[in-house]
Amino acid sequence: MHIEFQPSEKLYPFESRWFDSSVGRVHYIDEGEGRPLLLLHGNPTWSFLYRTIVRQLRDEFRCIAVDYPGFGLSIHPDDYSYTPSEHCEIITSLVNTLDLEDLVVMGQDWGGPIGIGTSLNHLERVTGLVFGNTWYWPTDRLLNTIFSRVMSSLPMEWAIVEHNFFVERLLPMGTARSLDDDDMRHYRAVQPRPDARRGVFEFPRQLTEARDWLGELQTQ
């Protein structure tokens, strides 16, 4: 499934580019020149999250912001589990395809472990890391475990998948500034139907399900 949405040229004045990944077309933007900066989003966002950073840095950096499969304008494949390790494989392949060198990897939320995994797969290419509001180790804290189990429950699956709970409720609560109607439209439009929200639902479950993979990141 592809998302048929045209972002605002005012809010998102970038050329869409496409990577033919192993699971289908993955959307990304590639703006500016200079040292490459790979921007990795969390849940339930997409490359739109980094629009201001890209505008501010593209005179000095080559800014590459990606939408994972199931997010943003990328394909929502049926034969895909939407796990962070799978996303990491896709991003690793993109870095290879673009032949990025002297790379800075930046991520927040799930972009942290996905970015660390990508970096470990490309130690010869990555020379800088910038992470915030994230982790890259097994999340044993009781609060995280409770959050994962609650968000993976049947009632919350219904809320997330059927009513876009992450975008409608959690996203506005997690931002430093209020999101206006245009901002919200760009987050809603890339998850227009329940079958487009599988990736959003899977990430909370992966807080506990991805324990072994996160443990591997921690020990490398």
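Scroll up for the structure.
Residues numbered from 1 in each chain as written. Predicted model: local features only at pLDDT ≥ 70, side-chain atom pairs only at ≥ 80, totals over all residues. Heavy atoms only, no water.

A. Region of the structure containing the sheet that holds strand β6 (residues 126–132). Within the open sheet, the six strands sit side by side as β1-β2-β4-β3-β5-β6. Their pairing is mixed. Looking at the sheet topology across the chains shown, the edges are occupied by β1 (17–21) and β6. The sheet shows a mean angle of 25° between the axes of neighbouring strands, taken without regard to direction. Lying on the sheet, helix α2 (residues 84–98) is in contact with β1, β2 (24–31), β3 (35–40), β4 (61–66) and β5 (103–108); it crosses β1 at an angle near 115°. Docked against the sheet, helix α3 (residues 111–121) engages β3, β5 and β6, running at close to 170° with respect to β6. (Pairing = 2+ DSSP bridges. Helix = DSSP H or I, 4+ residues; strand = E, 2+ residues; numbered from the N terminus. Axes fitted to C-alpha atoms, helices over the stretch in contact; angles between N-to-C directions. Contact = heavy atoms within 4.5 Å.)

B. Structural context of the side chain of Arg125. Within the secondary structure, Arg125 sits in the loop between α3 and β6. Side-chain polar atoms of Arg125 contact the side chain of Asp99, separated by 2.9 Å. Residues within four places of Arg125 in sequence aside, it is in contact with Val95, Asn96, Asp99, Leu100, Glu101, Asp102 and Leu103. (Polar contact = N/O pair within 3.5 Å; in protein donor to acceptor, adjacent residues only side chain to side chain.)

C. Main features of the packing of aromatic side chains. Enumeration according to the criterion identifies 13 aromatic pairs in this entry. Considering the side-chain rings of Tyr68 and Phe71, the 6.1 Å spacing of their centres and the 85° angle between planes classify their relative orientation as edge-to-face. An aromatic cluster of at least three residues, connected via ring pairs, comprises Tyr12, Phe14, Trp46, Phe48 and Tyr187. Here Arg51 stacks its cationic end above the ring of Phe48, 3.8 Å away from the centre of that ring. (Phe/Tyr/Trp six-rings, centres within 6.5 Å; stacked < 30°, edge-to-face > 60°. Lys NZ or Arg CZ within 6 Å of the ring centre and 35° of its normal.)

D. Local environment of the pattern of salt bridges. For the coordinates displayed, the defined rule picks out 14 salt bridges. A salt bridge links Arg51 to Asp183, with the shortest nitrogen-to-oxygen separation between them at 3.1 Å. Of this pair, Arg51 sits in helix α1 (residues 51–57) while Asp183 is found in helix α7 (residues 181–189), placing the two residues 132 residues apart along the sequence. For the pair Arg51 and Asp183, a shared accessibility class is recorded, and that class is buried. Residue Arg125 pairs with Asp99 through a salt bridge whose shortest N-O separation is 2.9 Å. Residue Arg125 is located in the loop between α3 and β6, and its partner Asp99 is located in the loop between α2 and β5; the two are separated by 26 residues in the primary sequence. Accessibility expressed as a relative area gives 11% for Arg125, which makes it buried. In this structure, a network of salt bridges that share partners links the residues Asp99, Glu101, Glu124 and Arg125. (Salt bridge = Lys/Arg side-chain N within 4 Å of Asp/Glu carboxyl O. Buried < 20%, exposed > 50% of the residue type's maximum accessible area, 1.4 Å probe, protein only.)

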